[in-house]
Amino acid sequence: MAGSTTSSVRSKMKAKGVQDSGRTNSPSEDVANLHQLEAQHGILGIVLLLFCGTVSSYLCTYLPEALTAADLDRHPTAFIAERAWDNLQVLNDFGPKPTGSRANELGAADYIRREIEKAKATAHAAQFVETAHQTISGAYPIAFLGNPLTSVYRNAQNLVVRLAGRSEDGERAALMLNCHYDTVASSPGASDDGGSCAVMLEILRVLSRAPERNRHSIVFLFNGAEETPLQAAHGFVSQHQWAEEVRAFLNLESAGSGGKEQLFQAGPQHPWLIEAYGRAVRHPAAQTVSEEIFQSGIIPSDTDFRIFRDFGHVPGMDFAHTINGYRYHTRFDTIDYLTLPVLQRTGDNILALTRELANGEELARVGSDPNLAEGYSVFFDVLGLFFVSYSASTGQIVNVMLAVLSLAMPLMELCRQVRRVGERSVLSQTLVGLLGTVCGTAASVGVVLLVANRLDAVGRAMSWFSTPYLILGLYGCPVILMHCFAHRLCSHWFSDNKSPLNLTQTVRARLIGVNLFWTLLIIPLTLANIRSAYIIAVIVLLSLLSTILTSVLGYQGQPRRWLALHLAFQIPTLLWATKFYHLLVKLFVPITGRMGAGTNPEYLIALLVACFGLLCVSYLVPLVGLLKGTSELTARMTVFAMIAFLLGCCTQVGFPYRDESNGEPSVQRHYVTHTLQVAHRDGAVVSEGAGFLFREMDRNAVRVIRGVAKPAEAVPMRQMESCRTMLFCGVPFYSIWHQIRFNNYWMEGPSPAIEKHTLPTFELVRVHQNSSSVRQYSFEIVHRHQTCVQSALIIAPKPGVQLVAWSLMDTVPGTIEFNGERAHFVLITYGLADDAPWTVTFAFEYDPEHLQDGAGAKLFDVSWVNTYWEHGDKQTDEFRKLIDQFPEWAHVIPSVAVVNITAH
């Protein structure tokens with residue numbers, strides 16, 4: 001009797017709710033139409049996800065057709081990729097062009113200079129083209145990873161062109177385009193950065209042949225010392241007369257080999273630059289999230305943008321190719337792996353943007369109108385099809401409004417259907433949806449981190465390095481499984497047989513819980529001024545549009561049509577979310593090959609997949625509540641994950657590296673330096689050693705290093721015998737990034753072959769007692785031989801002694817710490833050789849009463865390090881044999897170094 005009465009009451013309540021809503025189907029109709037879909041329908045969601053991922057991947061890599069010389073008659077003012085390709089071919093054929101090498105200082109520089117003169121000779125009579133060949137020396141302070149460095153350059157080269165504008169008689173304002181033609185050792189640098197220089201040469205040709213001048217002048221800077229790092233750019237902004245005219249710049253870079261040129265940082269502030277980009281560029285590729293990631297310091301790279309911003313105080317835009325970062329700074333960065341469409345797309349965009357900026361009014365106003373310089377922008381392209389930008393303050397308002405509306409509108413709509421009898425159930429199911437999303441997120445993060453830890457523990461780290469599709473099985477499937485399990489468990493734990501909501505309404509309420517989850521995330525991100533919150537805002541906007549259209553079309557009571565509409569809006573959601581997955585995977589997977597071994601790269605990839613997996617499936621997973629069962633879906637996902645594990649751990653598919661035999665090389669990087677260590681005191685050699693220094697560039701490198709070193713032992717750098725007797729362990733210290741952040745290994749060996757007449761010299765010529773507490777030392781540095789060699793000075797004052805002044809700069813930066821010792825670090829790069837000696841002075845302050853040896857006391861230790869980056873013809877047989885032991889899928893950058901340590 002009691003059970004019968006309860007059933008009657010519930011039926012009456014549901015009937016009343018249906019009458020009140022006017023449009024809600026009866027339970028029986030709902031069951032017939034939608035409830036308990038067949039289990040195999042769950043696979044359709046996975047198919048939809050894969051389909052959208054494939055489409056977004058295609059759009060991320062799509063490039064336009066290239067124009068050739070045959071198209072010149074039909075497009076006389078267009079960028080012609082074939083002409084740029086001819087320039088790139090010559091630059092590529094010079095081979096590696098590190099600063100100081102004959103290929104860079106004499107070959108590439110001379111070729112670019114001749115091409116500039118050709119462009120000048122063929123310029124239209126209306127144009128006025130000026131050229132300058134700048135040879136500069138200078139110094140400036142800079143910091144990497146928080147460690148101060150004094151960067152010194154001698155006789156670096158810049159090739160500069162100025163295309164005069166119409167506004168010559170008024171305020172001089174110019175736009176600058178910058179590329180660098182130097183490369184790292186062992187890489188021809190076709191993409192980094194020869195392709196950019198070829199693009200700039202073609203843009204110079206096109207603009208110089210136009211019958212009418214641009215409104216403002218355009219400066220083209222071809223700099224010859226960027227990889228050193230960033231030195232020639234400093235020489236231009238600090239010493240060239242045309243630098244004073246520059247009001248904005250476009251920096252063309254590369255961290256990959258091909259693909260689209262990404263706008264990855266702009267400004268700082270100066271929103272008018274982003275607005276001009278939006279107006280001008282035909283093929284946009286720009287994301288605020290790229291800017292925030294790069295400026296966070298997580299990416300081990302830097303560009304001339306930093307110099308123009310910090311020392312020139314000029315706003316600008318930074319562009320780079322990021323696809324196929326495996327080839328970046330390797331022997332495979334050649335023209336063979338580039339295509340004409342890459343140059344065409346870059347040229348089209350940069351030419352259009354140059355015209356827009358050079359003919360706009362902002363360049364003339366930016367120096368005097370502070371309003372132009374204020375405000376950050378939120379900017380992004382939508383699948384490369386169109387571009388969106390708005391101010392950061394507008395973005396904050398939009399984000400908060402979307403967050404509030406995405407909650408209020410669907411809640412009001414659903415509560416109106418079930419008012420009085422089901423409102424509490426709607427709220428409770430919304431919380432169930434929130435809990436399921438939170439639990440799914442936590443579980444997926446925990447599981448993928450566990451997987452990452454175990455893969456590294458069994459020695460299978462980076463199994464996805466050459467086969468990124470494995471990531472989908474290793475991490476993508478567990479993410480989806482955890483979200484499905486979480487929602488099913490929450491549904492089971494908080495099921496309410498007495499709920500007045502039918503199943504469709506229950507699922508819709510849980511989807512509101514997903515909106516609540518994103519609201520609780522987007523608002524704190526917005527308040528923290530994290531502009532990348534726009535990624536979530538677009539997802540929330542699409543959910544809100546789905547709700548509005550459901551209401552407008554009256555689909556609230558038509559379950560199948562509501563489901564079809566919901567899934568239709570998931571297509572742009574998935575396209576949007578998978579775009580970022582592709583963008584970041586293509587960026588970070590190759591970067592794991594050069595980020596050192598200190599951090600497990602599996603964690604980075606696992607977290608990336610967990611985050612963007614959540615973006616993809618957050619509005620799909622609650623739909624599992626409509627299925628009769630999820631065992632078939634979870635079983636298939638588990639099978640996919642197991643297959644990925646087997647491929648990654650037990651087959652050659654999971655081997656991280658590939659040589660060029662398959663046309664897609666993805667190599668392991670190794671720096672090996674054959675080193676001579678010499679310690680002097682009072683003009684005599686007191687100790688000497690030699691060996692090979694290996695740099696551990698990725699998580700798997702140490703196994704290869706130990707294998708190559710056998711039967712000798714590769715000792716961790718900080719355990720070297722010389723760490724107890726020599727300043728900074730006597731290692732060839734040339735890079736804060738490599739020596740401080742990365743693990744290095746040492747193997748004893750014979751001395752390298754050194755031609756002493758090619759060594760830059762550092763000789764004491766004078767000691768002067770400025771006062772009772774200040775002593776000044778004068779040294780002469782001479783670099784007479786044209787070769788690629790970098791010098792480093794490591795100056796370590798004794799306890800109680802302080803370096804207070806020097807002739808390098810007006811200021812003395814702080815010290816860096818290594819092996820428990822602190823010292824000033826100076827990096828010196830040579831461009832053109834010079835017979836004239838260069839005198840440098842150092843003044844040390846001390847307390848005479850505390851010196852143990854009185855007036856003859858030693859005040860400081862100095863390590864004079866010279867690293868040869870081009871020494872192949874002088875390598876010893878032992879060094880060649882060592883290099884030959886590396887496998888074919890390894891890229892070895894050999895060098896020879898001499899370390900001289902003296903006390904003064």
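Just so we're clear, the structure is a prediction, and the values are computed from it rather than from any experiment.

Across its full length, the chain carries 23 helices and 22 strands. Taken over the C-alpha atoms alone, the chain extends approximately 110 × 70 × 60 Å along its principal axes. A separation threshold of at least 6 residues defines the contact pool for the chain, and within that pool the share at least 24 residues apart is 83%. Of the roughly 34800 Å² of accessible surface on the chain, a fraction of 57% belongs to carbon and sulfur atoms. Once the 71 positive and 80 negative side-chain charges of the chain are each reduced to a mean point, those two points are 10 Å apart.

Below, the discussion takes up the state of the cysteines. Within this structure, the stated rule accounts for two disulfides. The partner cysteine of Cys179 in its disulfide is Cys197, sulfur to sulfur 2.3 Å. Every disulfide takes its handedness from the sign of the S-S torsion; for Cys179 and Cys197 that torsion is 110°, giving right-handed. Residue Cys179 is located in strand 3 (residues 174-180), and its partner Cys197 is located in helix 6 (residues 190-208); the two are separated by 18 residues in the primary sequence. For the pair shown, Cys179 and Cys197 are each scored as buried. Take the cysteines of the chain that form disulfides and number them in order along the sequence; they join up as 1-2, 3-4. Looking at the unpaired Cys52, the closest cysteine sulfur is the one in Cys616, lying at 9.0 Å. A relative accessible area of 0% means that Cys52 is categorised as buried. No disulfide involves Cys60; its sulfur sits 12 Å from the nearest other cysteine sulfur, which is in Cys616. Since its relative accessible area comes to 13%, Cys60 is described here as buried.

In the numbering used here, UniProt assigns the "domain: Endoplasmic reticulum metallopeptidase 1/1-A TM" (unreviewed entry) feature to residues 432-649. Taken as a whole, residues 432-649 contains 75% helix and 0% strand, while its terminal C-alpha atoms sit 38 Å from one another.

Let us look at the confidence of the model for the chain. Put simply, the chain has an average pLDDT of 91, and 95% of its residues get 70 or more. Mean pLDDT across the elements of the chain ranges from a minimum in helix 1 (residues 2-21), with 40, to a maximum in strand 3, with 98. Note that residues 1-33 has pLDDT below 50 and, in this model, 39 contacts with residues that lie over four places away or in other chains.

Within the fold, Ser532 resides in the loop between helix 16 (503-527) and helix 17 (534-553). Ignoring any residue separated from it by four or fewer positions in sequence, one finds Ser532 in contact with Thr288, Val289 and Glu292.

Before going further, it helps to examine helix 23 (residues 877-884). Taken residue by residue, helix 23 has Phe879, Leu882 and Ile883 as its buried positions. Each buried residue of helix 23 lies within a common arc of 95° when the element is viewed along its axis, so the set occupies one face. When the buried face of helix 23 is taken as reference, the exposed residues oriented beyond 90 degrees from it are Asp877, Lys881 and Asp884. Those residues of helix 23 hidden inside the fold are in contact with strand 10 (668-681), strand 11 (684-696), helix 21 (701-709), strand 13 (744-748) and strand 22 (890-903).

In this section: unusual backbone geometry. That bond from Asp192 to Asp193 is cis: its omega, 10°, falls within 30 degrees of zero. By secondary structure assignment, the location of Asp193 is in helix 6. With omega at 5°, the peptide bond leading from Lys710 into Pro711 counts as cis. With a phi angle near 60°, Leu383 is a residue other than glycine that sits in the positive phi range. Its place among the elements puts Leu383 in the loop between strand 8 (377-382) and strand 9 (386-391). For Leu383, a relative accessible area of 12% translates into the label buried. We note that Cys729 has phi near 65°; this positive angle belongs to a residue other than glycine. You can see Cys729 is positioned in the loop between strand 12 (715-716) and helix 22 (736-741).

Our focus in this paragraph is the domain arrangement of the chain. By domain assignment, the chain separates into domain 1 (69-136 + 157-384), domain 2 (393-653) and domain 3 (667-903). Spacing between the C-alpha centres of domain 2 and domain 3 amounts to 52 Å. Contact residues are listed per partner, giving 15 residues for domain 2 and eleven residues for domain 3. One can count one salt bridge joining domain 2 with domain 3.

The next subject is the sheet that holds strand 20 (residues 834-846). What the four strands build is an open sheet, ordered 14-15-20-17; its pairing is antiparallel. Looking at strand neighbours, the two that pair on one side only are strand 14 (761-771) and strand 17 (801-806), the edges of this open sheet. With strand direction ignored, the average angle separating the axes of adjacent strands in the sheet is 30°. Two elements, strand 17 and strand 20, share five bridges in a ladder whose sense is antiparallel. Bridging across to strand 20, Val801 finds its partner in Tyr846.

On to the packing of aromatic side chains, then. In total, this model carries 36 aromatic pairs according to the counting rule given. Between the aromatic rings of Tyr777 and Phe860, the centroid separation amounts to 5.0 Å while the plane-to-plane angle is 85°, which identifies the pairing as edge-to-face. Taken as a pair, Tyr777 in strand 15 (residues 774-783) and Phe860 in strand 21 (residues 860-868) lie far apart in primary sequence, 83 residues in all. Like Tyr777, the residue Phe860 is buried in the burial classification. Every member of this aromatic cluster is reached through a ring pair, and the members are Phe380, Tyr390, Tyr534, Trp576, Phe580 and Phe612. A cation over a ring is seen here: Arg154 above Trp838, with NZ or CZ 4.3 Å from the ring centre. Arg306 extends its terminal NZ or CZ atom over the ring of Phe144, reaching a point 5.1 Å from the ring centre.

Thresholds applied
- Residues numbered from 1 in each chain as written.
- Predicted model: local features only at pLDDT ≥ 70, side-chain atom pairs only at ≥ 80, totals over all residues.
- Heavy atoms only, no water.
- Helix = DSSP H or I, 4+ residues; strand = E, 2+ residues; numbered from the N terminus.
- Contact = heavy atoms within 4.5 Å.
- Areas by Shrake-Rupley, 256 points an atom, 1.4 Å probe, with all protein chains shown as cover.
- Lys, Arg positive; Asp, Glu negative; His and termini not counted.
- Charge placed at Lys NZ, Arg CZ, Asp CG, Glu CD.
- Disulfide = S-S within 2.5 Å.
- Buried < 20%, exposed > 50% of the residue type's maximum accessible area, 1.4 Å probe, protein only.
- UniProt positions renumbered as here; feature names shortened; annotations may be inferred.
- pLDDT = per-residue confidence, 0-100.
- Arc of directions from axis to C-beta.
- Domains from an automatic or database assignment.
- Salt bridge = Lys/Arg side-chain N within 4 Å of Asp/Glu carboxyl O.
- Pairing = 2+ DSSP bridges.
- Axes fitted to C-alpha atoms, helices over the stretch in contact; angles between N-to-C directions.
- Phe/Tyr/Trp six-rings, centres within 6.5 Å; stacked < 30°, edge-to-face > 60°.
- Lys NZ or Arg CZ within 6 Å of the ring centre and 35° of its normal.

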